[in-house]
Amino acid sequence: MDLKAKLNEDLKKYMKEKNSKALNAIKILKTEIKKAEVEKQKELNDEEIMALIRKQIKMRQDSIQQYREANREDLVEEEEYELNILKEYLPPEMPDEEIEKIIKNIISELGESAKFGQVMGKAMKELKGKVDGNKVNSIVKKMLG
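Reading the values: rules and limits
Per chain, the residues get numbers from 1 upward, laid out in the order the sequence is written. In view of the model being predicted, local features appear only for residues whose pLDDT reaches at least 70, and side-chain atom pairs are presented and counted only at 80 or more, with totals across whole chains, interfaces and linings using the full set of residues. No hydrogens and no water enter the side-chain calculation; it runs on all heavy atoms of the structure. Inter-axis angles, ranging from 0 to 180 degrees, are taken between N-to-C directions of lines fitted to C-alpha atoms, where helices are fitted over the stretch in contact. Each helix is a run of H or I in the DSSP string that is no shorter than four residues. Each strand is a run of E no shorter than two, and both are numbered from the N terminus. Should an angle lie under 35 degrees it is considered roughly parallel, over 145 roughly antiparallel, and from 65 to 115 roughly perpendicular; all remaining angles are considered oblique. We call a crossing left-handed when the near helix sits turned anticlockwise from the far one by less than a right angle, and right-handed when that turn is clockwise. Contacts are residue-level and defined by heavy atoms, with any inter-residue pair within 4.5 Å sufficient. In this count, Pro and Cys sit with the nonpolar residues alongside Ala, Val, Leu, Ile, Met, Phe, Trp and Tyr, while Asp, Glu, Lys and Arg are called charged and the others, Gly among them, polar. Under the scheme applied here, a residue whose accessible area is under 20% of the maximum for its type counts as buried, over 50% as exposed, and between as partly exposed, the area being computed with a 1.4 Å probe on protein chains only. Note on terminology: a nonpolar core comprises buried Ala, Val, Leu, Ile, Met, Phe, Trp, Tyr and Cys residues joined through side-chain atoms within 4.5 Å. Salt-bridge detection follows one rule: a side-chain nitrogen of Lys or Arg within 4 Å of a carboxyl oxygen of Asp or Glu. Throughout this description, a polar contact denotes any pair of N or O atoms lying within 3.5 Å of each other; where both atoms belong to protein, one of them has to be capable of donating a hydrogen while the other can accept it, and for residues adjacent in sequence the pair is counted only when both atoms sit in side chains.

**Q** It is not clear to me how the packing of helix α5 (residues 96-110) against helix α6 (residues 116-127) should be interpreted in this structure. Could you clarify?
**A** The angle between the axes and the distance between the axes are what describe a pair of packed helices. The geometry of α5 relative to α6 is characterised by a closest axis approach of 10 Å and an angle of 130° between their N-to-C directions. Compared by their axis directions, α5 and α6 come out oblique. For the element pair α5 and α6, the recorded crossing hand is right-handed. Contacts from Ile 99, Ile 102, Ile 103, Ile 106, Ile 107, Glu 109 and Leu 110 in α5 reach Gln 118, Val 119, Lys 122, Ala 123, Glu 126 and Leu 127 in α6. Each residue belonging to the contact of α5 with α6 can be placed in one class, and the counts come to nine nonpolar, one polar and three charged.

**Q** Before we go on, may I ask you to explain unusual backbone geometry in this structure?
**A** Backbone phi values are negative for most residues with the exception of glycine, while trans is the configuration of most peptide bonds. Backbone geometry places Lys 18, a non-glycine residue, at a positive phi of 55°. Looking at the element boundaries, Lys 18 is found in the loop between α1 (3-17) and α2 (20-40). For Asn 71, which is not glycine, the phi torsion reads 55° and is therefore positive. Residue placement: Asn 71 occurs in the loop between α3 (46-69) and α4 (73-87). Residue classification places Asn 71 among the exposed positions, given a relative accessible area of 67%.

**Q** Which parts of the structure should I look at to understand the nonpolar core?
**A** If you look at soluble globular proteins, the nonpolar side chains tend to sit buried side by side. Formed by 24 residues in total, the largest nonpolar core has its most connected members in Ile 53 and Tyr 89. Among the elements of the structure, α1, α2, α3 and α4 are those that each provide at least two residues to this core. It is α2 that provides the largest number of residues to this core, a total of seven residues. The contacts of Ile 53, once residues within four sequence positions are left out, are Leu 3, Leu 29, Leu 86, Tyr 89 and Leu 90. Ile 106, Ile 107, Ala 114 and Met 120 belong to the second largest nonpolar core, which has 15 residues in total.

**Q** Looking at this structure, I do not really get the pattern of salt bridges. What am I missing?
**A** Pairing is possible between side chains of opposite charge, provided their charged atoms come close. Scanning all chains against the criterion turns up 14 salt bridges. Lys 58 is the salt-bridge partner of Asp 62, the closest N and O atoms lying 3.1 Å from each other. Taken together, the residues Asp 62 and Lys 58, both in helix α3 and four residues apart, mark about one turn of the helix. Judged by relative accessible area, Lys 58 falls into the partly exposed class, the value being 38%. Glu 82 is the salt-bridge partner of Arg 60, the closest N and O atoms lying 2.9 Å from each other. Placement of Arg 60 in helix α3 and of Glu 82 in helix α4 is noted, with a sequence separation of 22 residues between them. Judged on exposure class, the residue Arg 60 and its partner Glu 82 are both buried. Through salt bridges with shared partners, one network takes in Lys 4, Glu 37 and Glu 43.

**Q** When you look at the environment of Asp 62 in this model, what are you seeing that I'm missing?
**A** Given the relative accessible area of 33%, Asp 62 is considered partly exposed. Expressed as a C-alpha distance, the spacing of Asp 62 and Tyr 89, which sit 27 residues apart in the sequence, is 19 Å.

**Q** Which parts of the structure should I look at to understand the side chain of Glu 82?
**A** A relative accessible area of 4% places Glu 82 in the buried class. A distance of 2.9 Å separates the side chain of Glu 82 from the side chain of Arg 60, its partner in a polar contact. Discounting chain neighbours no more than four positions away, the residues touching Glu 82 are Lys 21, Asn 24, Ala 25 and Arg 60.

The following block contains the structure:
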């Protein structure tokens, strides 16, 4: 089943359950998908939809951080709930050990003079859509010292 069909199914399910928080997350995502499709004048594929989901997740993570700084735990809980709903539509993230293995190979490919930017560029090309860029960034920094 494609991602769009799953979103539509879940939208109906959350309507029946009267789960307004989950419904809100799905509606916002569907609006973003529709907007992107109008801009590109074509239907989005699952990979493009996953990129939009990641963008929504990033926005929620930023909001959570700001709400925490403002001591608004009520809003933090709401954002975290929606964040977890959105994460259900992404494949599970790759474990750190696997990411490290890939980065190790890239570093040995590039040789001793491997620069951070080169390693990051190659790593993100290989891991695009599979892992959060911030995680790759911190692992590359750790491995390059």
